[in-house]
Amino acid sequence: MGKLKKNEGRRSGWALGSVVAVVIAISLAFLPLQFRDKPCPCSQDAHNYSAIVEDCCCDYGTVHRLNGAVLYPMLQQLVTTPFFRYFKVKLWCDCPFWPDDGMCRLRDCSVCECPENEFPKIFKQPPGRGLLADNPVCQEGKPQAVVDRSLDTKSFRGWREVDNPWTNDDETDNEDMTYVNLLLNPERYTGYTGPSARRIWEAIYAENCPKYADGESCPEKKILYKLISGLHSSISVHIAADYLLDEASNLWGKNLSLLYDRVLSHPDRVQNLHFTFLFVLRAVMKAAKYLEQAEYDTGNPEDDLKTKSLMIKLLSNPNLQAACPIPFDEAKLWKGQGGPELKQQIQMQFRNISALMDCVGCEKCRLWGKLQILGLGTALKILFSVNGPGDTGPAVELQRNEVIALINLLYRLSESVKLVHETYSAADASILNRLGNFVGMIYGSIFGRL
């Protein structure tokens, strides 16, 4: 009898050990291919976001909690207000580097040129009138897919126009500028692919921000590449999240395969996305007093009060202040002997990247490229033009279009971080569910026969 029990114990132990081995094997099999046999550059748990974001002051868990509970919901409301939904942009400029040969496969990346008699009369009146209610015209039956290029002279009072030293476009030059309603022109898949699109990114990376060498310890030498890589990742996330799955039936949805191929299969791109998000968040928090006191005047007192209230509520949120008071510490940069020269070099490289936006062959892509590059340039201007509370130099001055670009960029990054985190969480839950069912089946087959 004792032998029988001993043998049963051995069989039970063997069965338990086998199940554990099977669970480990199956869990590895269900992991996305990109995470197998590849060391993570920042920590072994990078895809679970358990570490500190490299070169930043917040860990992944804190970022996701704050983004989900505070930042994303507030930014989502803020960008729909009249002040932040209209962006002034020069959509047609000659490419300074090569002839424009970009071709879009879909009409969704082009615009509808509205004849002048379709403009609301108020659009042609001189500044001094408030914003109108939404009046989209000439949208070809698809207001969510084409750029609204109505010539818009809606007034925004109380802002001076100043040029941004980090970007190529002259923001004080209003010639050929038009206002675009961003809500009618979401960042999404447009069909802009092929050599023209690849050449833009190749020129950006190869000529202006090549990847730093492995083991590089100087954060100043890594910053531009990480920012552009993070922005590139965010753009890819939005393309994959709003993708034309079936052109015949006009079916849009998530392209998870593209999301994995472009972003999730590259841990460094996920990391750089979080870095860029925290960098821009730091710029917004550093400019808090300026943004709290700014005039968000569109001629509609009720909407303007809501905009200002949302901005103050966002910037003074106690959870944000307590959990991540300084998302990125810019004070530690440019301290070395060659610091000023390196900053000047990076500024020149970023201006070149800004100029490349005029070479984007897809008009809607050019719109979002210009907006987000201006937003990133504004963040650079805020963080590297003013040292802090004790700085005796001139205070940073922002123009209206810079603030619009900055907040919309932060929202784009916030949404990308949210989508990436949700996709990982859903994948983990799917793996656990499949493992649970499989393990239950094995337990039943093994122990049912004991």
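### Details of the overall build of the protein
Helix and strand content of the protein: 13 helices and six strands. Put simply, the protein has 450 residues, and 51% of those count as buried. Taking contacts inside the protein between residues at least 6 apart in sequence as the whole, the part at least 24 apart equals 82%. Accessible area of the protein: about 21,200 Å², with a carbon and sulfur share of 54%.

### Some words on the packing of aromatic side chains
All chains considered together, the criterion is met by 13 aromatic pairs. With 6.2 Å between their ring centres and 35 degrees between their planes, Phe275 and Phe279 make a pair best called tilted. Note that Phe275 and Phe279 are positioned in helix α7 (residues 267-286) at a spacing of four residues, about one turn of the helix. Each member of the pair, Phe275 as well as Phe279, carries the same accessibility label: buried. Ring geometry for Phe275 and Phe328: centres 5.7 Å apart, planes at 90 degrees, overall edge-to-face. You can see Phe275 sitting in helix α7 and its partner Phe328 sitting in the loop between α10 (318-323) and α11 (339-356), a full 53 residues away along the chain. The exposure class of Phe328 is buried, given its relative accessible area of 2%. Grouping aromatic residues by their ring pairs yields a cluster made of Phe275, Phe279, Phe328, Trp334 and Phe384.

### Quick notes on the pairing of strand β1 (residues 86-89)
Alternating positions in β1 separate into two faces, Tyr86 and Lys88 on one and Phe87 and Val89 on the other, with burial throughout. Two strands pair when backbone bridges link them, and β1 and strand β4 (residues 178-181) are joined in this way by four bridges, in the antiparallel orientation. Considered in β4, the bridge of Tyr86 is made with Asn181.

### So, helix α2 (residues 60-78)
The largest bend along α2 measures about 55 degrees and falls at Asn67. Where α2 begins, one side-chain oxygen reaches toward the backbone nitrogen of Gly61, 3.0 Å away; that side chain belongs to Asp59.

### Quick look at the environment of Asp242
On the secondary structure map, Asp242 appears in the loop between α5 (219-241) and β5 (243-246). Once the C-alpha coordinates of Asp242 and Pro186 are considered, the two residues, 56 residues apart in sequence, prove to be 9.2 Å apart. Apart from residues lying up to four places away in sequence, Asp242 is in contact with Arg188, Tyr189, Trp252 and Gly253.

### Topic: the nonpolar core
The biggest cluster of nonpolar side chains holds 110 residues, and the ones touching the most others in it are Phe84, Phe87, Ile223, Ile228, Phe279, Phe384 and Ile407. If one sorts the elements of this core by residue count, helix α13 (residues 400-447) sits on top with 14 residues. Discounting chain neighbours no more than four positions away, the residues touching Phe279 are Ile223, Leu227, Phe328, Ala379, Leu380, Leu383 and Phe384.

### Observations concerning the packing of α2 against helix α9 (residues 301-315)
The packing of two helices is summarised by the inter-axis angle and the distance between the axes. One way to put it is that α2 packs onto α9 with a least axis distance of 10 Å and a crossing angle of 160 degrees. If you check the angle between α2 and α9, you find them roughly antiparallel. Regarding α2 and α9, the two cross each other, and that crossing is left-handed. Contacts between α2 and α9 involve Leu71, Met74, Leu75, Gln77 and Leu78 from the former and Thr307, Leu310, Met311, Lys313 and Leu314 from the latter.

### Remarks on the state of the cysteines
Evaluated as defined, the whole model comprises two disulfides. A sulfur-sulfur distance of 1.5 Å marks the disulfide that ties Cys58 to Cys324. Every disulfide takes its handedness from the sign of the S-S torsion; for Cys58 and Cys324 that torsion is 100 degrees, giving right-handed. A residue pair is termed long-range when its members are at least 10 positions apart, and Cys58 in the loop between α1 (2-30) and α2 and Cys324 in the loop between α10 and α11 qualify at 266 residues.

### Describing the pairing of β5
Strand direction decides the pairing type here: β5 and strand β6 (residues 251-253), joined by three bridges, are antiparallel. By the bridge assignment, Asp246 is partnered in β6 with Leu251. The antiparallel hairpin formed by β5 and β6 contains four residues in its connecting segment, where Asn250 sits at a positive phi of about 55 degrees.

### A closer look at the confidence of the model for the protein
The predicted structure's coordinates, where accompanied by low pLDDT, should not be read in detail. Confidence in the prediction of the protein, expressed as mean pLDDT, is 74, and 66% of residues score 70 or more. Confidence, expressed as mean pLDDT per element, reaches its minimum in the protein at strand β2 (residues 111-112) with 39 and its maximum at α2 with 95. In the predicted structure, residues 18-48 sits below a pLDDT of 50 and forms 35 contacts with residues beyond four places in sequence or in another chain.

The rules we used
Residues numbered from 1 in each chain as written. Predicted model: local features only at pLDDT ≥ 70, side-chain atom pairs only at ≥ 80, totals over all residues. Heavy atoms only, no water. Helix = DSSP H or I, 4+ residues; strand = E, 2+ residues; numbered from the N terminus. Buried < 20%, exposed > 50% of the residue type's maximum accessible area, 1.4 Å probe, protein only. Contact = heavy atoms within 4.5 Å. Areas by Shrake-Rupley, 256 points an atom, 1.4 Å probe, with all protein chains shown as cover. Phe/Tyr/Trp six-rings, centres within 6.5 Å; stacked < 30°, edge-to-face > 60°. Pairing = 2+ DSSP bridges. Bend = angle between axes of the 7 residues up to and from the residue. Polar contact = N/O pair within 3.5 Å; in protein donor to acceptor, adjacent residues only side chain to side chain. Core = buried A, V, L, I, M, F, W, Y, C linked by side-chain atoms within 4.5 Å. Axes fitted to C-alpha atoms, helices over the stretch in contact; angles between N-to-C directions. Parallel < 35°, antiparallel > 145°, perpendicular 65-115°, else oblique. Left-handed = near helix turned anticlockwise from the far one by under 90°. Disulfide = S-S within 2.5 Å. pLDDT = per-residue confidence, 0-100.

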